[in-house]
Amino acid sequence: MAFSVEERGRPNTHDYRVYFKNGEGKYISPFHDIPLYADEAENIFHAVIEVPRWTNAKMEIATKDPLNPLKQDVKKGNLRYVANVFPHKGYIWNYGAIPQTWEDPNHKDVDTGCCGDNDPIDICDIGNKVCSRGEVIRVKVLGTLALIDEGETDWKVIVINTEDPEARDFNDIEDVRKLKPGYLEATFDWFKRYKVPDGKPENQFAFDGEFKNRDFAIKTVKSTHEFWKAMITKKSDAGELNCMNTSVSDSPFRCSAADTEAVVKSACAFGAEDPIPSSVDKWFYYESELMLKKNPKMRLSFN
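All figures in this text were calculated on a predicted structure; none of them were measured in a lab.

### Quick word on the pairing of strand 13 (residues 136-149)
Counting buried residues in strand 13 gives 12 out of 14 residues, a clear majority hidden from the surface. One ladder, built from 5 bridges, connects strand 5 (residues 44-51) with strand 13; its direction is antiparallel. Across the sheet, residue F45 finds its bridge partner in strand 13, namely V139. Pairing between strand 13 and strand 14 (residues 152-161): 10 bridges, direction antiparallel. Directly across from A146, in strand 14, lies its bridge partner W155. Of the strand pairs in this sheet, strand 13 and strand 15 (residues 204-205) are connected by 2 bridges, and their pairing is antiparallel. Its bridge partner being in strand 15, L147 is matched across the sheet by F205.

Here is the structure:
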């Protein structure tokens, strides 16, 4: 199943959008129209890459916009970039989401004790390839980390691109620990500290930060798919989320090709990108609370 993207607006500006097309060249929603499964029998899932590895722009599926294009997150009127918290540079995996999933904010997870964060479930692709923005890949689920983001459950599913030359060697979370030593520890560290440069405290985790295994992760993905099915068929309240789609037969939000064309044509024409602010390349040196207690002279700083 082939997918492509069409950019609108100017990259690194508020009007930049990335719209998706199916193999017939028709506009679709990456949230609702890209199937969950690439191969259901083998538990191979589709994943939409929002942020390529080593980049900083916090791109995300615009869940509240018609057709849910990718757009850059905005905070206090400014485009959002994640800081380079030493020793990390930008995102340390290809970061994205699994389509046709939804972390229901009205459902309290029995394992974490917190409700969902109102987004598709997130993935961290540990494959060797640096993907492109908007690329749709087929992934094998390996495990998951349960981030608690300001009181909300925010699953981070560890996956590997099935096209990776080493994919056959990775079948569960312990394979990551064995074959890519230090990567899970770096992943935990990244999620724990990435909001500190914004003046926020370290993030918290369920299960004391333990990565859960493949079976647990697949069960979590499938449960969020059930929440999505209830939302897209209006059996649960979507709130402000935009459920416009072209392919879900029993969805009251299904629309025509003419409707999707109108959405994309109303967006700004694609143009030259604005420069990325120079501050994005700065290092942010930060020592954990534990290290600061051991040595109060340690400090937080940008260089």
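### What about the environment of F188?
By the secondary structure assignment, F188 is in helix 2 (residues 183-193). According to the relative accessible area criterion, F188 is partly exposed, its value standing at 24%. The spatial distance from the C-alpha of F188 to the C-alpha of G209 is 7.2 Å, given a sequence separation of 21 residues. Not counting residues up to four positions away in its chain, the partners in contact with F188 are L145, F205, G209 and F211.

### Here's the deal with helix 4 (residues 257-265)
Of all the residues in helix 4, the buried ones are T260, V263 and V264. Projection of helix 4 onto a plane perpendicular to its axis shows the buried side chains occupying an angular sector of 90°, all on one side. In helix 4, those exposed residues whose orientation departs by more than 90 degrees from the buried face are A258 and K265.

### So, empty space enclosed by the protein
Considering all chains together, one arrives at 1 cavity of 30 Å³ or more under this definition. There is about 40 Å³ of room inside the largest cavity. Contributing to the lining of the largest cavity are A83, V85, H88, D189, W190, R193 and Y194. No other element matches the 3 residues that helix 2 contributes to the lining of the largest cavity. Its residues placed into classes, the lining of the largest cavity shows 4 nonpolar, 1 polar and 2 charged.

### Looking at the pattern of salt bridges
Per the counting criterion, the structure on display carries 23 salt bridges. The partner of E60 in a salt bridge is K58, and the shortest N-O contact between them spans 3.4 Å. Across the salt bridge formed by D215 and R214, the nearest N and O atoms sit 3.3 Å from each other. Linked by salt bridges that have partners in common, D149, E150, K195 and K200 make up one network.

Calculation rules
- Every chain is numbered on its own, with residues counted from 1 as its sequence reads.
- Per-residue local features are limited, in this predicted model, to residues with pLDDT of at least 70; the limit for side-chain atom pairs, both in listing and counting, is 80 or more; totals at the level of whole chains, interfaces and linings are taken over all residues.
- Calculation of side-chain values draws on the structure's entire complement of heavy atoms; hydrogens and water are dropped beforehand.
- Categorising residues by exposure relies on relative accessible area from a 1.4 Å probe, with only protein chains included: less than 20% of the type maximum marks a residue as buried, more than 50% marks it as exposed, and the intermediate range marks it as partly exposed.
- Elements are defined by DSSP. Helices are runs of H or I of four residues or more, strands are runs of E of two residues or more, and each kind is numbered from the N terminus.
- We call two strands paired when DSSP finds no fewer than two bridges between them.
- Contacts were defined at the residue level, with two residues in contact if any of their heavy atoms lie within 4.5 Å.
- Our arc is simply the arc of the directions from the helix axis toward the C-beta atoms.
- Buriedness of a pocket was judged along seven lines, with at least five required to meet protein on both sides within 12 Å; pockets are open sets of points on a 1 Å grid over the protein atoms alone, cavities are sets where a 1.4 Å probe fits but cannot get out, and lining residues have an atom within 4 Å of a point.
- Grid points are joined across faces, edges and corners, and a volume is the space filled by probe spheres set on the points.
- Here the nonpolar group is Ala, Val, Leu, Ile, Met, Phe, Trp, Tyr, Cys and Pro; Asp, Glu, Lys and Arg are the charged ones; every other residue, Gly included, is treated as polar.
- Here, a salt bridge means any Lys or Arg side-chain nitrogen found within 4 Å of an Asp or Glu carboxyl oxygen.

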